[in-house]
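Report on the structure
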Amino acid sequence: MEFKGTKGKWEKVHTKIQVEPQNPMRTLTICQVFGGDEESLANAKLIAAAPELLEAALEVLKVWNEDGEGGEIQMKTPIAWHRPLRKAEKAIKKALGGE
């Protein structure tokens, strides 16, 4: 499984979701959320964090499958959980506007 959408770091710029371009002379807008109210801005933050949330979820799933083979977590390698859980925490903070 891999993300097939636009590669790069997604950022919320006002109500637009933009990607840091490879070419600094060009900005790529993924989408625009209309409305300037709190709910619209929260939606924009969530959309901007979507690729990082997906990446973190995939990494957690990978460790889950390696550690517990999709069943009970064996916790034989608790250090293996540190990175994916920190990545998930960072992505969640971004989605909620705490970045």
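Residues numbered from 1 in each chain as written. Predicted model: local features only at pLDDT ≥ 70, side-chain atom pairs only at ≥ 80, totals over all residues. Heavy atoms only, no water.

Here we take up the pairing of strand β1 (residues 10–13). Across four bridges, β1 lies against strand β2 (residues 16–19) in antiparallel orientation. Paired with E11 across the strands is Q18, a residue of β2. Hairpin connection, β1 to β2: the antiparallel pair is bridged by two residues, and H14 has positive phi, about 60 degrees. (Pairing = 2+ DSSP bridges. Helix = DSSP H or I, 4+ residues; strand = E, 2+ residues; numbered from the N terminus.)

In this section: unusual backbone geometry. Positive phi, normally seen in glycine, also occurs at H14, with a value near 60 degrees. Here H14 lies in the loop between β1 and β2. For H14, a relative accessible area of 65% gives the class exposed. (Buried < 20%, exposed > 50% of the residue type's maximum accessible area, 1.4 Å probe, protein only.)

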